[in-house]
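Listed below are the residues making up each chain.
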Amino acid sequence: MPLLSVSCTDFRCLGAVEFEPHPQFSLIYGANASGKTSLLEAVAYLGRGRSFRGAATRDLIRHGAKEFVLFGEVAGDAVQHRLGVRNGPDGLELSLDGDRNGGTASLASALPLQVIDPEVHELVGGSPDQRRRFMDWMTFHVEHSYLTAWRRFRRALKQRNAILRSGKGGLDSWDKEFVELAVAVDQARSSVLEKAVPVLEEAAAALLEAPVTFEYQRGWGDDRTLADALKESRSRDQQTGSSNTGPHRSDLKLRMDDRLAKRLVSRGQQKLLACAMVLGSMEVVARALGRPPLLLLDDPAAELDSRALGRLMAAVGAGGGQVIATALTQDAVPTPQAHALFHVEHGHLSIVD
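Everything numeric here is computed off the predicted structure, so don't read it as measured data. Every residue gets a number counted from 1 within its own chain, in the order that chain's sequence is written. Where local features are concerned, this predicted model is filtered to residues with pLDDT of at least 70; where side-chain atom pairs are given and counted, the filter is 80 or more; whole-chain, interface and lining totals use all residues. Remark: hydrogens and water are excluded; side-chain values derive from all non-hydrogen atoms of the structure.

(A) Summary view of the sheet that holds strand β8 (residues 212-217). A pair of strands is labelled paired if DSSP reports no fewer than 2 bridges between them. Numbered from the N terminus, helices here are DSSP runs of H or I no shorter than four residues, and strands are runs of E no shorter than two. Sheet architecture is open: three strands sit in the order β8-β9-β10, paired in antiparallel fashion. The strands lining the two open edges of the sheet, one partner per strand, are β8 and β10 (259-260). Judged from the two bridges that link them, strand β9 (residues 251-256) and β10 form a sheet pairing that is antiparallel. When the sheet's bridge partners are listed, Arg-255 is paired in β10 with Leu-260. Sheet strands touched by helix α7 (residues 171-208): β8 and β9. Its angle to β8, the strand with the most contacts, is close to 165°. We call two residues contacting when some pair of their heavy atoms lies within 4.5 Å. The axes are straight lines fitted to the C-alpha atoms, using for helices just the contacting stretch, and the angles between their N-to-C directions are given from 0 to 180°.

Here's what the structure looks like:
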């Protein structure tokens, strides 16, 4: 189910751009600040309803414009799907095949994608939030009931924290529902990670040429129930006004050479490990969906020597899915035989024959 076309209006530095990516591999090259990463960001926004660079809406609207508009077409099993995003003073508006009620989940289901950008090393060296989002992305696409459970748990967590901050009673009755929803989230993650960890470890060993292990930590001790853990942490919870135990505190621990991988000195090693995690997660999701997700690859050569870059691009090619990559020059990244070249300059995109 490749991405067939994208149109961007007033997104970042892109005034009006039409883009038809190659079904296998597209390389967009150009100088820094030319607009190549902005085009990737626009594609990602179509599938996520948000910026993978964490940008606010006001920073995404081209200077002088009031809003940005994105459209895309995706090949489905029997029909093409049309995705639309508009954002500006009136707020975010999303649509899939004309239906505006599906929310970001409908976009993510129609255009599953992952991003490898120069900040991907934060997946290894950054906060647990990054790794929880990584686990949630896999679980959302593999366990179809996960989104409902996750949303209900987030509401329960918000309400429990509000009770803690208010200093009022009633936690005992509320904790019963909190535990039920928290366990559902944890069980879904655990089920997916049981399948995913061997894939992640194989992908990491291939890219780093060294064994790497992954260990899921659910957010409370393995030797107790969540109900017991909540009782033990209640005094601390009341002091901090927040819930310190539960799946919102989970993490994925990575070890290499018996060390926590986040302590690796080399940013290049961290990047390779994070790339392996992304590619491994895409393989897990591809097996569940019966099709590979789209991969957006922003400046893969950054911080990698030629040998490491070669291993990365070989692993990317082995995934078999559609890839859209960027680079400073057209020869900066090894490309497969079947590919298309695009050049971007001052926000204008042109195909290279």
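(B) A look at unusual backbone geometry. You will see that Glu-209, though not glycine, has its phi angle at about 55°, which is positive. If you trace the backbone, Glu-209 turns up in the loop between α7 and β8. Three labels apply to residues, based on accessible area from a 1.4 Å probe with only protein chains included: buried if under 20% of the type maximum, exposed if over 50%, partly exposed otherwise in between. Overall, Glu-209 belongs to the partly exposed group, its relative accessible area being 47%. We note that Asp-299 has phi near 50°; this positive angle belongs to a residue other than glycine. You can see Asp-299 is positioned in the loop between β11 (294-298) and α10 (306-318). Assessed through its relative accessible area of 24%, Asp-299 is described here as partly exposed.

(C) Focus on the nonpolar core. Among the nonpolar cores identified, the biggest contains 53 residues, and Met-138, Phe-214, Leu-252 and Leu-273 are the most heavily contacted of them. Take this core: its biggest share by element is 11 residues, from helix α9 (residues 267-289). Those residues in contact with Met-138 that lie beyond four places of it in its chain are Val-192, Leu-193, Ala-196, Ser-281, Val-284 and Val-285. Formed by 36 residues, the second largest nonpolar core is a distinct cluster that contains Phe-11, Phe-19, Ile-61 and Ile-324. Among the buried residues, those of types Ala, Val, Leu, Ile, Met, Phe, Trp, Tyr and Cys that are joined through side-chain atoms within 4.5 Å form a nonpolar core.

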